[in-house]
Amino acid sequence: MPDLDQQLEFGIFPTPDARRIPDLLSLVALAEVEGLDVVSVQDHPYQDGFLDTWTLLSVLGARTTTIRLAPNVASLPLRPPVVLAKAAATLDLLTDGRVELGLGAGAFWDAIVAAGGPRRTPGEAVDALAEAVELIRAFWAGGTLRFEGEHYTARGLHAGPAPAHDIPIWLGAYKPRMLRLTGRLADGWVPSMGYADPPALPELAARVDEAALEAGRPPAAVRRIYNVFGSFGTGSGFLRGRPQDWAEQLAGLTLDVGMSCYVLGTDDPDVVRRYAAEVAPATRELVDAERARRAQQPAEATGVPATSAPRDAGPGTADGAVQEQHGQGHTVTATPDDGTRLSPSMPWDEGARPSAPAGEPGRHPEQAQHLVDIHDGLRSELEQVRDVLDQVRRGHVTVGAARSVINTMTMRQNNWTLGAYCESYCRIVTGHHTLEDRSVFPHLRHRQPDLAPVLDRLEEEHVVIHEVLDEFDKALVRLVAEDGTGRAGEEVLEGVQRSLDLLTDTLLSHLAYEERELIGPLGRHGLG
């Protein structure tokens, strides 16, 4: 099946090892601050060295704020559907809608029987799973529940509470009947490497797609989650090379098979960092570029222009100019700057900025849009950094001399989370500027020499922003070093806030200026 145009997501699949609890908790915290989307945990209640999955997910939910949580996958023969539905709904409410439910028909039957569960034939296991999906969804709908199945029943049960959102149900499936059930009923299909390696995926995915279509559902209604395993190095083979090799291989599975969420089995924090910081963005970039290329093909073949809704121009920029690039039916609008500043002064004279000469619309509006999209991501990340600091400050104002040791440790954990998040964000900004300085700007200088004053100014501003980022990092170091008590802590927090306000002012001003001046040239000359 070709690309289903699903949003790319990335997650981790750590081992629920009871002997390494601090490492496990730290790994999940790292995954969240590095921007991964989901953490999922295997469910084997009969494994004496593993933590209980639902208890662990509950603790992880209490220690995180954004990352989604899922069993991958719950052992249905040992998890009664009504109890499982209530547990999932409860955790979903407690985590503001961050739960997804992976279900498995069962495996390792001797161990299941040893734990008091039933022994089912393959056919019985599939039938029981189908009943469970229906019963769980009925429970989440609430009301008085009456269900009569061969394997499960509910007679006059008062169902509830309802979850915070419609919890997606993933099914782990490999055999024909399970694949058909997945296409007919599930919100997600979750195979694993080792059971279904990349060469096997197209045929398995085709069975899911066929069943979805037969049930009157689009194949894209079934999300494709893939549990993957690999190691970074210089070797060959799937997920055995450099981060760029990983990105190319995962992008290929997305574009050619339809997989869209990659959950990496690892317990190594360095691997998690590289996966989040290098593999995930590179994969997204490759997929976005190919999707954009494919989207242009029908228009180029038929002569009918591809269209895109224009961006809201907003209230306008500080100097009254809003640059737009029109081409092939696509309008790209620079993000406006209303001139609002949080800091008393700026490190540069905004009025002295040069402007690019006007030019004709170009043939590459998608390249100009790509710049705006990258900047939108940076602006969104900046808002999250500000929100995290705001949460830390709200916690800090309650700190006093009588603050307990537990609360002090919570404050330190908040500081660490803020520092790790901001460290990641600073790396993203620096990487974007490095790409521009080494690749995009030289190309534009060559293609449009009269753009040189603008590019010179943008490069100068990159240096200033990096200096502001460095000061922000130093303020964070002072914050983390504080013990969270007394007036000194408040002064340090004020310093962090001032540094963040200046970063906000300089970055948003710079991004708006860059879009205003470069949308036209990028539309005409592309990225090279």
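Predicted model only: the values in this text are computed from it and were never measured. (Residues numbered from 1 in each chain as written. Predicted model: local features only at pLDDT ≥ 70, side-chain atom pairs only at ≥ 80, totals over all residues. Heavy atoms only, no water.)

Things to note about the overall build of the protein chain
When helices and strands are tallied, the protein chain shows 13 helices and 13 strands. A burial count over the protein chain gives 50% of its 528 residues as buried. Contacts spanning at least 24 positions in sequence make up 74% of the contacts within the protein chain whose residues lie at least 6 apart. Working note: accessible area of the protein chain is about 23,800 Å², and carbon and sulfur atoms make up 53% of it. (Helix = DSSP H or I, 4+ residues; strand = E, 2+ residues; numbered from the N terminus. Buried < 20%, exposed > 50% of the residue type's maximum accessible area, 1.4 Å probe, protein only. Contact = heavy atoms within 4.5 Å. Areas by Shrake-Rupley, 256 points an atom, 1.4 Å probe, with all protein chains shown as cover.)

A look at the confidence of the model for the protein chain
Regions with low pLDDT carry predicted coordinates that are not meant to be interpreted in detail. Overall, the prediction assigns the protein chain a mean pLDDT of 85, with 84% of residues at 70 or greater. Low confidence marks residues 325-329, where pLDDT is under 50. Its contacts with residues over four positions away, or in another chain, come to 22 contacts. In the model, residues 483-488 has pLDDT below 50 throughout and makes nine contacts with residues more than four positions away in sequence or in other chains. (pLDDT = per-residue confidence, 0-100.)

With respect to the environment of Gly11
Turning to its location among the elements, Gly11 is positioned in strand E1 (residues 9-12). Residue class for Gly11 comes out buried when judged on its relative accessible area of 0%. Between the C-alpha atom of Gly11 and that of Gly35, which follows or precedes it by 24 residues, the distance is 9.2 Å. The residues contacting Gly11, other than those within four sequence positions of it, are Val38, Tyr262, Val263, Leu264 and Tyr275.

Description of the pattern of salt bridges
All chains considered together, the criterion is met by 35 salt bridges. Of the charged contacts, one joins Arg341 and Asp337 as a salt bridge, the two residues approaching to 2.9 Å between their closest N and O atoms. Accessibility expressed as a relative area gives 24% for Arg341, which makes it partly exposed. Ionic pairing is found between Arg516 and Glu517, a salt bridge with its closest N-O pair at 4.0 Å. Each member of the pair Arg516 and Glu517 is classed as buried. Here the salt bridges share partners, and the residues they tie into one network are Asp337, Arg341, Glu350, Arg353, Arg457 and Glu461. (Salt bridge = Lys/Arg side-chain N within 4 Å of Asp/Glu carboxyl O.)

Here's the deal with unusual backbone geometry
Most peptide bonds take the trans form, and the phi angle of most residues other than glycine is negative. Cis geometry is adopted by the peptide bond preceding Val73, which originates at Asn72 and carries an omega value of 0°. Inspection of the secondary structure puts Val73 in the loop between strand E3 (68-71) and strand E4 (74-75). Note the cis peptide between Gly160 and Pro161, where omega equals 5°. You will see that Asp96, though not glycine, has its phi angle at about 60°, which is positive. By the element assignment, Asp96 lies in the loop between helix H3 (81-94) and strand E5 (101-104). Residue Asp96 is classed as exposed on the basis of its relative accessible area of 71%. In the Ramachandran plot, Phe108 falls in the positive-phi region, its phi being about 55° despite a non-glycine side chain.

Remarks on the nonpolar core
Of all hydrophobic cores here, the largest spans 83 residues; its most connected members are Leu36, Leu103, Trp140, Trp189, Tyr262 and Tyr275. Examining the composition of this core, we find that 10 residues originate from one element, helix H5 (residues 122-141), more than from any other. If we ignore the near neighbours within four places in the chain, the residues touching Trp140 are Ala85, Ala88, Ala89, Leu101, Ala162, Pro163, Ile167 and Ile169. (Core = buried A, V, L, I, M, F, W, Y, C linked by side-chain atoms within 4.5 Å.)

Digging into helix H8 (residues 243-256)
Between its first and last C-alpha atoms H8 spans 20 Å; for 14 residues at 1.5 Å apiece the expected length is 20 Å, and the two agree. Of all the positions in H8, only Pro243, Asp245, Trp246, Ala247, Leu250, Ala251, Leu253, Thr254 and Leu255 are classed as buried. Just past H8, the residue Gly258 takes up positive phi, approximately 105°. (Expected span 1.5 Å × (residues − 1).)

Quick look at the packing of H3 against H5
Contact geometry of H3 with H5 gives a least axis separation of 9 Å together with a crossing angle of 45°. In this view, H3 runs oblique relative to H5, as classed from their interaxial angle. The handedness of the crossing between H3 and H5 is right-handed. Residues Pro81, Val82, Leu84, Ala85, Lys86, Ala88 and Ala89 of H3 touch H5, and the partners they reach there are Ala132, Leu135, Ile136, Phe139 and Trp140. Its residues assigned to classes, the contact of H3 with H5 comprises 11 nonpolar, no polar and one charged. (Axes fitted to C-alpha atoms, helices over the stretch in contact; angles between N-to-C directions. Parallel < 35°, antiparallel > 145°, perpendicular 65-115°, else oblique. Left-handed = near helix turned anticlockwise from the far one by under 90°. Nonpolar A, V, L, I, M, F, W, Y, C, P; charged D, E, K, R; others polar.)

Digging into the packing of helix H2 (residues 53-63) against H3
In contact at an axis separation of 11 Å, H2 and H3 are set at 10° when each is read in the N-to-C sense. It follows from the interaxial angle that H2 and H3 lie roughly parallel. Where H2 abuts H3, its residues Trp54, Leu57 and Ser58 lie against Leu84, Ala87, Ala88 and Leu91. Taken together, the residues of the contact of H2 with H3 break down into six nonpolar, one polar and no charged.

Details of the sheet that holds E1
What the nine strands build is an open sheet, ordered E3-E2-E1-E11-E10-E9-E8-E5-E4; its pairing is parallel. Every interior strand has two partners, whereas the edge strands, E3 and E4, have only one. Where E1 lies against strand E11 (residues 261-264), four bridges are found, and the strand directions are parallel. For Glu9, the partnering residue across the bridge sits in E11 and is Cys261. Sitting on the sheet, H8 touches E1, strand E10 (223-228) and E11, and the angle it makes with E11 is about 135°. (Pairing = 2+ DSSP bridges.)

Digging into helix H7 (residues 201-214)
An ideal rise of 1.5 Å per residue puts 20 Å on 14 residues; H7 measures up with 20 Å between its terminal C-alpha atoms. Taken as a whole, H7 has its buried residues at Leu201, Leu204, Ala205, Val208, Asp209, Ala211 and Ala212. Around the axis of H7, the buried residues are gathered within 165° of arc, so they sit on the same side. Seen from the buried face of H7, the exposed residues on the opposite side, beyond 90 degrees, are Glu203, Leu213 and Glu214. (Arc of directions from axis to C-beta.)

Focus: the pairing of E3
Regular strands place their side chains on alternate faces of the sheet. Going residue by residue along E3, you find Arg68 and Ala70 tucked away on one face and Leu69 and Pro71 tucked away on the opposite face as well. The pairing of strand E2 (residues 38-41) with E3 spans four bridges and is parallel. In the strand pairing of E3, Val41 is matched with Pro71. Regarding the hand of the β-α-β motif, the stretch spanning E2, H2 and E3 is right-handed. (Right-handed = clockwise from strand over helix to strand, strands pointing away.)

A short note on the side chain of Asp37
Along the chain, Asp37 falls in the loop between helix H1 (21-33) and E2. Taking relative accessible area as the criterion, Asp37 reaches 18% and is therefore assigned buried. Discounting residues that sit within four places of it in the chain, Asp37 has contacts with Glu9, Phe10, Ile67, Arg68 and Arg284.

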